[in-house]
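Secondary and tertiary structure notes
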Amino acid sequence: MNLSNPSNFKLQTSNLLIELPTWLGDTVMATPAIENLIQTLNPKEITIVGSYVSTEALKHHPKINKVFIDETKKSKNRLFSTYKLAKKIGSHDIAVSFRSHFFSKLLLFLTDSKKRFFYSPSTFNLQPSTSLHQVEKYNYFINSVFKTDLPPSDLKLYLNPYHLITLPPSPLLGINPGATYGSAKRWYPQKFAKVAATFSDRFNIVIFGGPNEKEIAKDIEKELKILGIKNYINLAGKTTIEELMAAISKLDLFITNDSGPMHIAAAFKIPTVAIFGPTDYTSTSQWENPKSKIVTLNLDCSPCMKRVCPLKHHKCMKDLTPNMVIKAANELI
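A brief report on the enclosed structure follows. All of these numbers come straight from a predicted model, not from anything done at the bench. (Residues numbered from 1 in each chain as written. Predicted model: local features only at pLDDT ≥ 70, side-chain atom pairs only at ≥ 80, totals over all residues. Heavy atoms only, no water.)

1. Quick look at the overall build of the protein
How we decide: We count a stretch as a helix when DSSP gives it H or I for four or more residues in a row; a strand needs E for two or more, and each element gets its number in order from the N terminus. For a compact globule the rule gives 2.2 Å times the number of residues to the power 0.38, and the radius of gyration it is set against comes from C-alpha atoms. Each residue is placed in one exposure class: buried if its accessible area under a 1.4 Å probe, protein chains only, is under 20% of its type's maximum, exposed if it is over 50%, and partly exposed if it falls in between. The contact criterion used throughout is that any non-hydrogen atoms of two residues lie within 4.5 Å. Here the accessible surface of atoms and residues is derived via Shrake-Rupley with a 1.4 Å probe, and residues count as covered only by protein chains that are part of the display.
For the protein, the count of helices and strands is 15 helices and 11 strands. Against the compact-globule benchmark of 20 Å for 333 residues, the protein has a radius of gyration of 21 Å, which places it among compact chains. Judged by the C-alpha coordinates and their principal axes, the protein covers about 65 × 45 × 45 Å. For the protein, the residues scored as buried account for 53% of the 333 residues in total. In the protein, the share of contacts with a sequence separation of at least 24, taken over all contacts with a separation of at least 6, comes to 67%. In the structure as shown, the protein presents an accessible area of about 15700 Å², 52% of it carried by carbon and sulfur atoms.

2. Topic: the packing of helix H9 (residues 189-198) against helix H10 (residues 214-226)
Here is the rule we go by: What counts as an axis is a line fitted to C-alpha atoms, over the stretch in contact for a helix, and the angles between N-to-C directions run from 0 to 180 degrees. Should an angle fall under 35 degrees it is called roughly parallel, over 145 degrees roughly antiparallel, and 65 to 115 degrees roughly perpendicular, with every other angle called oblique. Here is the rule for handedness: rotate from the far helix to the near one, and if that takes an anticlockwise turn smaller than a right angle the crossing is left-handed, while a clockwise turn gives right-handed. Under the scheme applied, nonpolar residues are Ala, Val, Leu, Ile, Met, Phe, Trp, Tyr, Cys and Pro; charged residues are Asp, Glu, Lys and Arg; polar residues are all the others, including Gly.
Axis separation between H9 and H10 bottoms out at 8 Å; the angle between their running directions is 50 degrees. The angle between H9 and H10 falls in the class oblique. Our pair here, H9 against H10, has a crossing hand that is right-handed. Note on element contacts: H10 touches H9 through Ile-216, Asp-219, Ile-220, Glu-223 and Leu-224, opposite Pro-189, Gln-190, Phe-192, Ala-193, Ala-196 and Ala-197. The class makeup of the residues in the contact of H9 with H10 is eight nonpolar, one polar and two charged.

3. A word on the packing of aromatic side chains
Selection criterion: Two rings from Phe, Tyr or Trp (for Trp, the six-membered ring) form a pair when their centres sit within 6.5 Å of each other. Planes less than 30 degrees apart are called stacked, planes more than 60 degrees apart edge-to-face, and all others tilted. Sitting over a ring, as applied to charges here, requires NZ of Lys or CZ of Arg to be within 6 Å of the ring centre and within 35 degrees of the ring normal.
As enumerated under the stated definition, the model contains 10 aromatic pairs in all. Measuring from centroid to centroid gives 5.6 Å for Phe-98 and Phe-141, while their planes differ by 85 degrees, and the two rings are edge-to-face. Taken as a pair, Phe-98 in the loop between strand E4 (94-97) and helix H6 (102-110) and Phe-141 in helix H8 (residues 134-146) lie far apart in primary sequence, 43 residues in all. A relative accessible area of 2% means that Phe-98 is categorised as buried. Ring centres of Trp-187 and Phe-192 lie 5.0 Å apart, and the angle between their planes is 75 degrees; on these two criteria the pair is classed as edge-to-face. A network of ring pairs unites the aromatic residues Phe-98, Tyr-119, Tyr-138 and Phe-141 as a single cluster. The lysine or arginine in question, Arg-78, covers the ring of Phe-103, its NZ or CZ lying 4.2 Å from the ring centre.

4. Topic: unusual backbone geometry
Trans peptide bonds make up the majority, and among non-glycine residues the majority have a negative phi. Between Ser-170 and Pro-171 the backbone carries a cis peptide bond, its omega angle lying at 0 degrees. Examined against the element boundaries, Pro-171 turns out to sit in the loop between H8 and strand E6 (172-176). The linkage connecting Ser-302 with the following residue, Pro-303, adopts the cis geometry, with an omega of -5 degrees. Examined against the element boundaries, Pro-303 turns out to sit in the loop between strand E11 (292-295) and helix H14 (315-318).

5. A closer look at a nonpolar patch on the surface
Note the threshold: Note that patches include only residues with greater than 30% relative accessible area and no salt bridge, and the join distances are 9 Å for like charges and 5 Å for nonpolar side chains (Val, Leu, Ile, Met, Phe, Trp, Tyr). By definition here, a salt bridge exists when the distance from a side-chain nitrogen of Lys or Arg to a carboxyl oxygen of Asp or Glu is within 4 Å.
The grouping of Tyr-52, Val-67 and Ile-69 at the surface amounts to a nonpolar patch, some 240 Å² of accessible area in total. The residue Tyr-52 is located in helix H4 (residues 52-58) in this model. A residue is classified by how much of its surface remains accessible, and Tyr-52, at 41% relative accessible area, is partly exposed.

6. Comments concerning the sheet that holds strand E2 (residues 45-50)
Heads up, the rule is: Pairing between two strands is assigned when DSSP locates at least 2 bridges connecting them.
The strand order E3-E2-E1-E4-E5 describes an open sheet built from five strands, whose pairing is parallel. Only two strands of the sheet have a single neighbouring strand rather than two, namely strand E3 (66-69) and strand E5 (115-118). Taking each pair of neighbouring strands and ignoring which way they run, the sheet shows an average axis angle of 15 degrees. Pairing of strand E1 (residues 15-19) with E4, which is carried by four bridges, proceeds in the parallel orientation.

7. Let's talk about the pattern of salt bridges
Should the charged atoms of two oppositely charged side chains come close, the side chains can pair. Counted under the stated rule, the structure contains 11 salt bridges. Two residues, Asp-154 and Lys-269, come together in a salt bridge whose shortest N-O distance is 3.1 Å. A residue pair is termed long-range when its members are at least 10 positions apart, and Asp-154 in the loop between H8 and E6 and Lys-269 in the loop between helix H12 (260-267) and strand E10 (272-275) qualify at 115 residues. Across the salt bridge formed by Glu-331 and Lys-327, the nearest N and O atoms sit 2.8 Å from each other. Highlighted residues: Glu-331 and Lys-327, both in helix H15 (residues 322-332), separated by four residues, approximately one helical turn. Shared partners join several salt bridges into a network, and the residues in it are Glu-56, Lys-59 and Glu-242.

8. Here's the deal with the environment of Tyr-281
Considering the arrangement of structural elements, one finds Tyr-281 in helix H13 (residues 281-284). Exposure remark for Tyr-281: the relative accessible area of 28% places this residue in the partly exposed category. With 23 residues separating them in the primary sequence, Tyr-281 and Cys-304 have C-alpha atoms 12 Å apart. Here Tyr-281 is in contact with Phe-276, Ile-294, Thr-296 and Asn-298, once residues within four sequence places are set aside.

Here it is in structure tokens:
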């Protein structure tokens, strides 16, 4: 393990700035790299900056001291807003960004931080024969910058110890029909409902979803009512990120699309069936969760990585049946 160069960084690093990935799932997948970064530099103070969802996910890390939410994208003058945010954040000995956007580089430059490092997806585009999980890509970034050889550990999330969420009695089955990236990643409400109904005699059901997924969750509710299922609650649009993480950590089984909540479940080693259509499960499947199953059709057109099916048929999800998911779930319980 090469730690000769990082020892120099340690001597110079009293404070560290970390810019998180934008998406919830990517932020969770970056946690092994972040843990290795903290271990390598051992800074006295750590500041994080990122989107609302990314900062909410990591704000209870015991070594993080300051949290800044980047909402400059919503501003009429993003350049000026970025400048103001940078001055609020202030200078740091080392600034590390898990993003590669122009405004990320501008933000860290304007903080006047002494050393600045940026993740670059293009690094991996040069190696098409190498298939790496996103966790490994983030970790490779940290190893390459600080000349270390630390392996990526498990995903790591910290819950607020004083935060409580009320859920039905265990055992609990979580259903997550949403996926923020785009509609192509979403399996169908009627199919989720059929799976939930199948297990309703063994589990109480919890429906998850963000503010933009309330209609999908309502569609599942309607189907469950038609099937005479009553032992469920619908939390779509009703939880904070803290509450979402706390609720998922208490599940006994989780059935989900490729999504941020899927990675939260992986962090807590929740038995999970993950449904993949247009996205690449080799890159974004649950990391180091021995209690997980992937259900995918592996069509010739997959993974297309598109938000909406470019061929207009969406067979990667339409042809994926409830029985396939039920079979996978039964193998986990």
